[in-house]
Amino acid sequence: MSSKPENYNNWHTLSVEDTFDLQGTSPSDGLSTTEANKRLNQYGHNELSSNEGPQWIKVLLRQFIDVMNWIFAGLGVAFFVLEDYVTGSLLIALAFVNLYLTFSQEYAAEQTLSALRNLSSPQANVIRDKREQNVPSRDIVPGDILLIKEGDSVGADARLVNISNLEVDEALLTGESMPVQKELIVLSSPDEPLGDRINMVYSSTVVSKGRGRAVVTATGMNTEIGRIATKLNESKDDDKTQLQRSMNKMYIVLLVLSVLFIIIVFASSRFKVTYEVVMYAMTAAMSVVPAGLTTVMAVTLVMGGREMTSQKAVVRKLKVLETLGSVTNIFSDKTGTLTMAKMVVIRFWTPKEGYFYITPNGLSPDGEVYSTSSVQTREGEEKIDQDVLIDKTQISPDIRSLVQCSALCNMSSIYRRKVNMSDKSSQILDDDSEKEDDWVSNGAPTDVALQVFAHKFNMGKPVLEESGWELVSEYQFDSIIKRMSTLYHDKQTGEFVVFTKGATERILPLCAYLTDSEKDRIFQTVDILAAKGLRVMSLAYRKFPAGKYDYESYAREDVESDLDFLGLTGIYDPPRPESRQAVLEAHQAGIKVHMLTGDHEITATAIAKEINILNENTMSAETIRRLVMTGTQFDALTNDQIDALEELPLVVARCSPETKVKMIEASARRHNVSAMTGDGVNDSPSLRIADVGISMGKNGSDVAKQASDIILTDDNFATIIRAICEGRRIYQNMQRFLLYYWITLSSLAILVLICLAIHDPEGHKASPLSTIAMIFLFVAITPPASTLSIQSASKNIMLEPPRPSKENLFNREIIMDTLVYGLSSTASFSVAFFVPLYTIGNGIEGVNCDSHYVEGACDSLYRARASLLVATIFFSLLIMVHCRSYRESEWNWAGLKKTFGSKTFTGTLIFDIVCLLIFLNIPVVAIEGFRMKEITWEWGLNVGIVLVYILFGEAYKFFKRRYLKPMATSVVRTVV
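Reading guide: rules and limits
For every chain, the first residue of the written sequence is number 1, and numbering continues from 1 onward in sequence order. Reporting in this predicted model follows two pLDDT cut-offs: at least 70 for local features of residues, and 80 or more for side-chain atom pairs to be given and counted; totals over whole chains, interfaces and linings ignore these cut-offs and use all residues. Side-chain numbers here rest on the full set of heavy atoms in the structure, without hydrogens or water. Numbering of helices and strands starts at the N terminus; helices are DSSP runs of H or I of at least 4 residues and strands are runs of E of at least 2. Remark: exposure states derive from per-residue accessible area (1.4 Å probe, protein chains only) relative to the maximum for the residue type, with buried under 20%, exposed over 50%, and partly exposed in between. Candidates for patches are residues over 30% relative accessible area with no salt bridge; among them, like charges are joined within 9 Å and nonpolar side chains (Val, Leu, Ile, Met, Phe, Trp, Tyr) within 5 Å. Using a 1.4 Å probe, the Shrake-Rupley method yields the accessible areas, and only the shown protein chains count as cover for residues. Every case where a carboxyl oxygen of Asp or Glu lies within 4 Å of a side-chain nitrogen of Lys or Arg is listed as a salt bridge. Sulfur atoms of two cysteines make up a disulfide when they are within 2.5 Å. Any two rings among Phe, Tyr and Trp, with Trp reduced to its six-membered ring, count as a pair given centres within 6.5 Å; such a pair is stacked if its planes are under 30 degrees apart, edge-to-face if over 60, and tilted if neither. Lysine and arginine charges are scored as sitting over a ring when NZ or CZ, respectively, is within 6 Å of the ring centre and within 35 degrees of the ring normal. A pair of strands is treated as paired once DSSP finds two or more bridges between them. Throughout, an axis means a line fitted to C-alpha atoms (over the contacting stretch in the case of helices), and angles, computed between N-to-C directions, take values from 0 to 180 degrees. What makes two residues a contact is simply this: any of their non-hydrogen atoms within 4.5 Å. Angles are sorted into four bins: roughly parallel if under 35 degrees, roughly antiparallel if over 145, roughly perpendicular if 65 to 115, and oblique for all others. Crossing handedness follows the turn of the near helix against the far one: under a right angle anticlockwise gives a left-handed crossing, and clockwise gives a right-handed one. Under the grouping applied here, Gly and all other residues not named as nonpolar or charged are polar, the nonpolar ones being Ala, Val, Leu, Ile, Met, Phe, Trp, Tyr, Cys and Pro and the charged ones Asp, Glu, Lys and Arg.

Draft legend 1. Fine view of the overall build of the protein. A count of helical and extended segments in the protein gives 35 helices and 26 strands. Going through the 976 residues of the protein one by one, you find that 55% of them count as buried.

Encoded structure:
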């Protein structure tokens with residue numbers, strides 16, 4: 001290992017050989033896993049010290065600014081002043097309990113959120129144990145051989161040892177807006193400015209073009225970005241949802257309302273402040289303040305994010321959970337998202353010899369080649385009689401050149417997996433599966449397919465390079481010009497050869513010696529292959545005479561000119577089995593699915609029909625033609641012309657990143673809520689402006705991940721639908737949770753105000769519940785509320801249309817439910833309170849019953865309070881059951897099984913009954929603590945009220961089902 005100190009900073013002055021020597025590593029083998037682990041222990045993880053998890057002290061201090069804690073503490077002090085030490089102690093204790101609960105919940109939520117963010121941390125490609133491996137960036141160590149490509153966020157400071165058209169955006173460090181062109185030179189000055197160290201790359205900068213290989217020289221706090229104590233942070237956007245902001249405002253309104261209640265109580269007694277008046281005022285204030293509401297909301301969101309992670313969707317920004325329920329349009333890539341990204345070449349065509357079919361076998365480079373008279377045979381079909389088996393060792397020069405182009409105009413690789421034989425012997429696999437699973441690939445799926453194709457002829461890239469082909473230069477794939485090229489030197493002949501592949505419409509104009517009729521024939525062949533759902537690639541090459549070729553003096557457009565056309569390859573990427581069903585579920589949920597792809601228009605149309613984005617059973621041929629466009633056609637339209645379209649195209653072929661941005665902007669002008677998928681660095685603009693940006697976890701670039709709101713760890717379209725379902729569930733549960741809270745508290749608050757009309761013989765007020773009873777009520781209603789916040793999705797949740805993005809939290813139906821359930825609850829509470837009050841006695845017959853209990857005179861008030869407490873406790877459970885669904889019956893047999901099968905419900909019911917029996921039947925607790933008394937026949941009264949309320953709720957839901965507009969959309973299922 002190097003004798004240089006850990007903070008050595010002059011790697012740019014060393015040669016490549018000295019860098020390898022001092023870092024104790026090999027350019028081809030890299031570090032061994034053992035050595036990498038040793039260095040990880042020595043240098044620590046590759047992360048900045050500020051990248052810590054949640055700090056408990058900061059979370060704890062935030063609780064001291066929670067108004068609820070100060071309200072409970074203030075009320076406790078007030079009761080101590082009034083010499084009511086029991087109530088005062090309980091309120092102070094409640095303040096500490098609330099502080100502890102909010103702290104523990106928020107700290108747990110912070111830890112969960114931190115874990116979710118770690119799941120989306122960047123990965124890096126390194127060479128270890130003589131092969132390329134993907135590791136978390138935090139596990140990079142000095143001496144690792146780091147592989148970087150366009151779109152990557154550089155994982156550590158490193159000295160470049162190999163580059164291909166490499167440009168890096170270093171604005172984060174230098175402020176320079178233009179990417180820096182890197183070169184393999186040795187700089188002489190140790191004090192070279194950071195921006196001029198063109199043989200180095202630095203942590204957190206972004207590769208904007210090309211690829212490279214570098215030796216890691218510094219990690220963690222020893223990097224340049226660590227030295228200036230900054231980093232490329234997650235987005236600093238406010239991660240609070242619109243719902244959370246609304247709740248914060250509502251919290252303030254409720255606090256103001258509680259103060260107003262206190263003033264009303266004092267005003268009703270003409271501001272003659274007595275113990276009884278203060279007690280009444282405290283009860284009134286507490287009746288409208290929901291303790292811990294904002295904390296429960298935050299925890300609900302974080303737990304929802306964790307649930308989505310279990311379904312392979314990592315949430316980077318919590319605010320997107322609310323937006324998901326409003327998504328109306330999904331703009332999805334095809335390759336790897338709607339399809340399996342298991343591309344395989346099953347067809348190729350040359351102008352002289354026609355069609356050929358290659359038997360597919362996944363990544364395994366085994367397969368037979370047949371010459372066919374047409375393009376009928378496809379993957380999974382038997383070859384037809386006219387097919388002729390080809391001897392792969394005896395192929396024509398044209399096919400040989402086409403295979404060479406496939407292998408060498410290619411930056412991917414495949415290699416056999418190292419498998420422990422003892423483990424392998426225990427597996428029961430069929431031969432084909434075993435062959436495919438033995439091979440591993442690196443690189444873009446299209447390149448991998450072409451590399452496997454070349455390997456089937458025993459002409460893979462490693463074989464050709466060993467035989468004398470040497471890479472001179474690479475002209476990377478560009479999404480604008482849709483092609484890539486490589487320049488190779490054939491040492492055997494001395495020739496230089498340019499190999500080019502790409503979209504046919506971009507390759508043919510570069511080819512010389514083709515007549516118009518030949519070009520027409522090629523385009524017709526492309527259409528035939530594309531109609532079979534194949535991705536078609538055109539391949540061409542150009543030879544330069546032996547001798548020195550000054551390629552550096554040629555511009556790219558000069559190198560990629562006067563090409564000889566070689567032929568076409570047809571690559572099949574089967575749709576995911578679940579994609580068709582997922583698209584159907586999206587349609588049922590009122591969501592339109594758009595496919596944006598770089599494929600040929602005919603290929604894209606064929607795949608879209610296969611997965612039901614385009615439905616031939618319900619759409620006319622004219623409609624399908626209208627809903628399919630190319631990127632060029634769409635880009636040529638003005639905004640006014642796009643807005644005049646009946647609907648946006650469902651399929652856009654040959655789509656560029658700029659087309660995606662234009663599509664999202666057009667969708668926004670139609671007031672749609674759009675989700676956009678992307679994986680490349682050029683997709684970042686569309687991901688950022690979409691309402692929900694979704695990047696790919698497997699094949700997505702680091703830049704795309706950082707620009708997104710959600711990362712799909714399985715790159716699967718069906719996961720997007722599951723995420724939308726989960727977003728709808730979370731929002732729906734929050735609505736139910738809040739509906740439950742407002743029904744319970746508002747009905748009690750109204751009763752408290754009604755009871756201002758009641759007074760004792762000397763005109764003193766008497767609250768319907770004591771402050772201690774209100775504290776117990778807070779405890780009793782919390783478990784049912786938490787149950788609502790985590791319940792599973794309703795069976796019709798994905799049959800309902802998307803929620804309007806501007807919809808108020810309390811929509812029309814929720815407002816109606818609040819009024820109906822709230823007023824009916826108030827009526828029920830009134831019966832529970834006033835019947836005992838005026839049946840046992842003639843109202844309140846004692847004087848100052850809250851401070852001086854007089855047996856007989858105060859019994860009617862005390863028993864009325866007990867009856868009311870029993871009613872509110874039971875109703876809290878009834879309301880929870882009613883709120884589980886807006887319209888479906890919850891008191892049928894299925895509902896009863898769900899209700900009494902809930903451990904929370906049965907546990908809370910038992911807890912409530914036991915507490916009520918203790919509080920009501922121990923005289924000192926009942927009279928001195930809760931200011932109430934044991935009841936007898938009132939139990940029967942409350943049972944009757946409960947039964948009536950159940951019947952009323954069921955009748956109300958029946959009315960809504962019968963007369964209100966259905967919540968679920970009417971879907972006509974497609975006949976497949």
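Following the structure, the description resumes.
Draft legend 2. Spatial organisation of unusual backbone geometry. Phi at Arg 654 is positive, roughly 50 degrees, even though this residue is not glycine. Looking at where Arg 654 falls in the secondary structure, it is placed in the loop between β23 (651–653) and α25 (657–669). Using a relative accessible area of 13% as the deciding quantity, one classes Arg 654 as buried. If you check the backbone angles, Asp 715 has positive phi at about 55 degrees while not being a glycine. Counting through the fold element by element, Asp 715 comes out in the loop between β26 (710–712) and α28 (717–754).

Draft legend 3. Quick peek at a nonpolar patch on the surface. Together, Val 259, Leu 260, Ile 263, Ile 264, Phe 271 and Leu 753 make up an exposed nonpolar region whose accessible area comes to about 500 Å². With respect to the element layout, Ile 263 can be found in helix α8 (residues 242–268). Given the relative accessible area of 42%, Ile 263 is considered partly exposed.

Draft legend 4. Layout of the state of the cysteines. Per the counting criterion, the structure on display carries one disulfide. Residue pairing for Cys 849: its cysteine sulfur links by disulfide to Cys 858, the two sulfurs lying 2.0 Å apart. Handedness here is read from the sign of the S-S torsion; for Cys 849 and Cys 858, about -85 degrees, the answer is left-handed. Accessibility expressed as a relative area gives 4% for Cys 849, which makes it buried.

Draft legend 5. Layout of the packing of aromatic side chains. Within this structure, the stated rule accounts for 21 aromatic pairs. Taking the centre distance of 5.4 Å and the plane angle of 80 degrees together, the rings of Phe 453 and Phe 457 count as edge-to-face. Each member of the pair, Phe 453 as well as Phe 457, carries the same accessibility label: buried. Members of the aromatic cluster, joined through ring pairs, are Phe 348, Phe 356, Phe 453 and Phe 457. Against the face of Tyr 886 rests Arg 736, its NZ or CZ located 5.6 Å from the ring centre.

Draft legend 6. Region of interest: the sheet that holds β23. Reading across from one edge, β8-β26-β25-β24-β9-β21-β23-β22 is the order of the eight strands in this open sheet, with mixed pairing throughout. Looking at the sheet topology across the chains shown, the edges are occupied by β8 (313–315) and β22 (628–630). For this sheet, the mean inter-axis angle between neighbouring strands, taken without regard to orientation, is 20 degrees. Pairing geometry for strand β21 (residues 592–596) and β23, over two bridges, is parallel. Note on β23: the bridge partner recorded for Met 595 is Val 651. Contacting β21, β22 and β23, helix α21 (residues 601–610) runs over the sheet at an angle of about 150 degrees to β23. Together, β8, β9 (329–333), β21, β24 (674–678), β25 (692–696) and β26 form the strand contacts of α28, whose direction differs from that of β9 by roughly 155 degrees.

Draft legend 7. Structural detail: the sheet that holds strand β16 (residues 469–478). Taken in spatial order, the nine strands of this open sheet run β13-β12-β11-β10-β20-β19-β18-β17-β16, and their pairing is antiparallel. Among the strands making up the open sheet, the edge pair consists of β13 (388–389) and β16. Pairing of strand β10 (residues 344–350) with strand β11 (residues 354–358), which is carried by four bridges, proceeds in the antiparallel orientation. By the bridge assignment for β11, Arg 347 is matched with Tyr 357. Where helix α12 (residues 397–408) meets the sheet, its contacts fall on β10, β11, β16, β17 (483–490), β18 (496–502), β19 (534–544) and β20 (564–572), and the angle it forms with β20 comes to roughly 65 degrees.

Draft legend 8. Structural context of the pattern of salt bridges. Applying the stated criterion across every chain, the model contains 27 salt bridges. Arg 128 is the partner of Asp 144 in a salt bridge, and the nearest nitrogen-oxygen pair spans 2.7 Å. Within this pair, whereas Asp 144 is found in the loop between β2 (131–136) and β3 (145–149), its partner Arg 128 is found in strand β1 (residues 123–128), the two being separated by 16 residues in sequence. Accessibility assignment for this pair places Asp 144 and Arg 128 in one class, buried. One salt bridge in this structure joins Glu 813 and Arg 887, with 2.9 Å as the shortest N-O distance. One end of the pair, Glu 813, is in helix α30 (residues 812–840); the other, Arg 887, is in the loop between α31 (859–883) and α32 (893–900), and 74 residues separate them in sequence. Each of the two residues, Glu 813 as well as Arg 887, counts as buried. A single network of salt bridges, built from pairs that share partners, joins Glu 813, Asp 817, Arg 887 and Lys 960.

Draft legend 9. Inspection of α21 at higher detail. All of the buried residues along α21 are Thr 603, Ala 604, Thr 605, Ala 606, Ile 607 and Ala 608. Looking at the buried side of α21, the elements it contacts are α18 (516–531), β19, β21, α22 (621–626), β22 and β23. Asn 612 occupies a position one or two residues after α21 and carries a positive phi of about 80 degrees.

Draft legend 10. Local environment of the pairing of β3. A large share of β3 lies buried, amounting to four of its five residues. When β3 meets strand β7 (residues 206–218), the two strands line up antiparallel, connected through five bridges. For Leu 147, the partnering residue across the bridge sits in β7 and is Arg 213.

Draft legend 11. Focus on the packing of α28 against α31. One can describe the packing of α28 onto α31 by two numbers: an axis separation of 9 Å at closest approach and a directional angle of 150 degrees. Of the possible angle classes, the one that applies to α28 and α31 is roughly antiparallel. Seen from above, α28 lies across α31 with right-handed handedness. Judged by residue contacts, Arg 736, Leu 739, Tyr 740, Ile 743, Thr 744, Leu 748 and Leu 751 of α28 engage Leu 868, Thr 872, Ser 876, Ile 879, Met 880 and Cys 883 from α31. When its residues are assigned to classes, the contact of α28 with α31 shows nine nonpolar, three polar and one charged.

Draft legend 12. Up close: the environment of Leu 941. For Leu 941, the position within the fold is in helix α35 (residues 938–963). When the C-alpha atoms of Leu 941 and Ala 832 are compared, they prove to be 7.2 Å apart, with 109 residues separating the residues in sequence. When residues no more than four places from it in sequence are discounted, the contact partners of Leu 941 are Val 831, Ala 832, Val 835, Pro 836 and Ser 867.

Draft legend 13. Looking closely at the environment of Lys 456. Take Lys 456: it is sitting in the loop between α15 (445–455) and α16 (461–466). Look at Lys 456 and you get buried, because its relative accessible area is 5%. Put simply, Lys 456 and Lys 392 are 64 residues apart on the chain and 8.3 Å apart in space, counted from C-alpha to C-alpha. Contacts of Lys 456, omitting those with residues within four sequence positions, involve Val 344, Ile 358, Thr 359, Pro 360, Asn 361, Ser 364, Pro 365, Asp 366, Gly 367 and Lys 392.

Draft legend 14. Region of the structure containing the side chain of Ser 153. In this structure, Ser 153 sits in the loop between β3 and β4 (157–169). The class for Ser 153 is buried, based on a relative accessible area of 11%. Ignoring sequence-local partners within four residues, the contact set of Ser 153 consists of Ser 204, Thr 205, Asp 702 and Gln 706.

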